[in-house]
Amino acid sequence: MVIATIQHITLNFYHLMRLGTVPVAYKGYNSPVNTAIDLAFSNVGLRYGHSALNSLVLRYDANGQVFKNGPLVMEEVFLEDQTPFLLSDGIESIIRGFPTQPEQNVDGRYAPVVRNKMPIEHPHYDLVAIDIQRGREMGMADYLTLRVAYGLPVVTRWGDVSSDETLVTQLKLLCPNMTTPNVLTAEELLKVKANGTLGMLIKMNTNITVFPDNPFTVTTPDSVLGAQLTKLSDALSNSIIVTGIMKLSWSIDVDQINFAVETDASCWVGFGFGKNMLPADIYLFRHDTAAGTWTCQDSWSKDLEVPKPDTAYGGALSVLDFAIVPSHIYAHKMTFSRALNTGNPYDVAITRDDMQMIFATSGTVSPSYHGVKGRQHAMVNFYTGATAMNSETAGLYRLNVFHGFA
């Protein structure tokens, strides 16, 4: 009964509202029809739903008044276990809210909470960028190519795909000829992001480029200057985001690896190479809150005590060019380098293999026991860029295969 009700609403109301036509009458099961979901639909067409999402879920009581506990905040309830909440408040108030709450316009804009704050895997992300990347990884063609593939007429003017005159004007300004790739300077790219047109460009014509081998960025690196180049290079570097602890980024330069640690922690953070602390090669970062400075300690851990510097065991320190630099997202950012293989018995050599890593932090001024919630484990391949957290480590090899590295 529930499925039949959903089908009735979808076919007789939602379909008409979205596509403007009543669906063809059902003529019975047709076995030769391929029932598989088209990749273009699941990775492009269905993505319109991200633009349609609201920041709040309205709730009403039986008298049509706002529910006593107010609306639900999307970022607080999305992907969370709702059993306790449903047992407490029930589902009726949500169902009453659905018909009274219109969707957001399907356009080039996402609600901020949907774009940046949904609790998926990372604390800092951009859902527009994730949608672009999904299309890349699936090998999605551009809008014009897909039209031809589905037997639709070829279009050559932005006015053929949107009746919004303001939007068409913006698109014409950014891409005068929609049939050829457009070259955007970094400054223009930032304007596109700011006015929300980027989402429409993604939907209409995915031929916007920034680097030759990197769709949706700028084709001429010479036009990307100063801080803009820094922002783009930060976004393109290999990295792993460890929720609640840090973002660790890296690049390999011949026989050296360059690290960047970004964190919102106010006291100390650390990362290390090893399955656990028994033993582990650990880099420990301490924050002098009074002076506003950070220090980096190359450490070796052989027990559960605070790691000691390598020199305490007769080894040498491997940290090169440690620096504190601005972060565009986090409160703090440190950079340093080290040799891939230092030759020091208290440094783990960085190889082409998947490597076990540990991460930790706590709210204490000096390093101390981090507790269960202040630690994380991961697998990282510094050469391929593949990463996996906790129980996801088994999927690291599959991730390598997917990206063609294994």
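Nothing here was measured: the structure is a model prediction, and the numbers come from that model.

Asker: Can you walk me through the pairing of strand E14 (residues 332–339) in this structure?
Answerer: Each regular strand carries side chains that alternate between the two faces of the sheet. Taking burial as the measure, the 8 residues of E14 include 6 buried ones, the bulk of the element. In terms of strand pairing, strand E8 (residues 256–263) meets E14 through 8 bridges, oriented antiparallel. The partner of Gln256 across the bridge, within E14, is Ala339. By the bridge criterion, 3 bridges tie strand E13 (residues 320–324) to E14 in an arrangement that is antiparallel. The residue of E14 that forms the bridge with Ala323 is Thr335.

Asker: Just to check I follow, could you spell out the nonpolar core for this structure?
Answerer: Within soluble globular proteins, side chains that are nonpolar tend to cluster in buried spots. In terms of nonpolar packing, the biggest core is built from 28 residues, with Phe259, Phe271, Phe285, Phe359 and Phe382 touching the most fellow members. Discounting residues that sit within four places of it in the chain, Phe359 has contacts with Ile240, Val242, Ile245, Met246, Leu248, Gly270, Phe271, Gly374, Arg375, Gln376 and Ala378.

Asker: Got a minute to help me understand the packing of aromatic side chains in this structure?
Answerer: Remark: the centre distance and the inter-plane angle together describe each pair of aromatic rings, the angle taken between the planes. Using the criterion set out here, one finds 16 aromatic pairs in the structure. Plain terms: the ring middles of Trp250 and Phe382 are 4.9 Å apart, the flat faces sit at 70 degrees to each other, and that makes the pair edge-to-face. Of this pair, Trp250 sits in strand E7 (residues 246–253) while Phe382 sits in the loop between strand E16 (375–380) and strand E17 (387–389), and the two are 132 residues apart along the sequence. Judged by its relative accessible area of 2%, Phe382 falls in the buried class. Taking 6.0 Å as the distance between ring centres and 50 degrees as the angle between the ring planes, the aromatic pair formed by Phe285 and Phe336 counts as tilted. Linking Phe285 in strand E10 (residues 280–288) with Phe336 in strand E14, this pair joins segments that are 51 residues apart in sequence. Of the two residues, Phe285 and Phe336, neither departs from the other in class, the shared state being buried.

Asker: Just checking my understanding: could you explain the sheet that holds E10 for this structure?
Answerer: One key point about sheets: their strands pair by backbone hydrogen bonds, in either a parallel or an antiparallel sense. Here we have 7 strands laid out as an open sheet, ordered E12-E11-E10-E9-E15-E16-E17, and antiparallel in their pairing. Both edges of this open sheet fall to strand E12 (308–309) and E17, since each of them pairs with a single strand only. In terms of strand pairing, strand E9 (residues 268–273) meets E10 through 6 bridges, oriented antiparallel. From the neighbouring strand, Trp268 faces E10, where its bridge partner is Arg286.

Asker: I would appreciate a short explanation of helix H8 (residues 127–137) in the present structure.
Answerer: Turn by turn, an α-helix covers 3.6 residues, leaving residues three or four places apart pointing in a common direction. Residues Leu127, Val128, Asp131, Ile132 and Gly135 constitute the buried set of H8. Down the axis of H8, the smallest arc covering the buried residues is 150 degrees, so these residues share one side. Just downstream of H8 lies Gly139, where phi reads positive at about 70 degrees.

Asker: Which parts of the structure should I look at to understand the sheet that holds E13?
Answerer: An order of E6-E7-E8-E14-E13 is seen for the 5 strands of this open sheet, with the pairing classed as antiparallel. Because the sheet does not close on itself, it has two edges, and the strands there are strand E6 (238–242) and E13. The average angle at which neighbouring strand axes cross in this sheet is 15 degrees, direction not considered.

Asker: Help me out: how do you make sense of the pattern of salt bridges in this one?
Answerer: Pairs can form between side chains of opposite charge once their charged atoms are near each other. According to the stated counting rule, one finds 3 salt bridges in the structure shown. Note that Arg59 and Asp89 form a salt bridge whose closest N and O atoms lie 3.0 Å from each other. Of this pair, Arg59 sits in the loop between strand E1 (56–57) and strand E2 (72–73) while Asp89 sits in helix H5 (residues 83–89), placing them 30 residues apart in sequence. Its relative accessible area of 4% is what places Arg59 among the buried residues. Judged by its relative accessible area of 16%, Asp89 is buried. Of the charged contacts, one joins Asp281 and Arg338 as a salt bridge, the two residues approaching to 3.4 Å between their closest N and O atoms. Taken together, the positions of Asp281 in strand E10 and Arg338 in strand E14 put the pair 57 residues apart, joining distant regions of the chain.

Asker: I tried to follow the confidence of the model for the protein on my own but got confused; where do I start?
Answerer: In regions of low pLDDT, the predicted coordinates are not meant to be interpreted in detail. When pLDDT is averaged along the protein, the result is 75, and 77% of the positions lie at 70 or above. Segment residues 183–187 is flagged for pLDDT under 50; beyond a separation of four residues in sequence, or across chains, it makes 17 contacts in the model. Every residue in residues 189–236 is under pLDDT 50, and counting partners more than four places away or in other chains gives 106 contacts.

Asker: Mind showing me how you'd approach the pairing of E10 here?
Answerer: Within E10, 7 of the 9 residues are buried, which leaves it mostly tucked inside the rest of the structure. Hairpin geometry of E9 and E10 is characterised by an intervening segment of 6 residues between the two adjacent antiparallel strands and by a positive phi of about 155 degrees at Gly274. In this structure, E10 lies alongside strand E11 (residues 293–301), joined through 9 bridges in antiparallel fashion. Looking at E11, one finds that Arg286 is bridged to Thr295. Taken together, E10 and the strand that follows it, E11, pair antiparallel across an intervening segment of 4 residues, in which Gly292 is found at a positive phi of about 75 degrees.

Procedures and definitions
Residues numbered from 1 in each chain as written. Predicted model: local features only at pLDDT ≥ 70, side-chain atom pairs only at ≥ 80, totals over all residues. Heavy atoms only, no water. Buried < 20%, exposed > 50% of the residue type's maximum accessible area, 1.4 Å probe, protein only. Helix = DSSP H or I, 4+ residues; strand = E, 2+ residues; numbered from the N terminus. Pairing = 2+ DSSP bridges. Core = buried A, V, L, I, M, F, W, Y, C linked by side-chain atoms within 4.5 Å. Contact = heavy atoms within 4.5 Å. Phe/Tyr/Trp six-rings, centres within 6.5 Å; stacked < 30°, edge-to-face > 60°. Arc of directions from axis to C-beta. Axes fitted to C-alpha atoms, helices over the stretch in contact; angles between N-to-C directions. Salt bridge = Lys/Arg side-chain N within 4 Å of Asp/Glu carboxyl O. pLDDT = per-residue confidence, 0-100.

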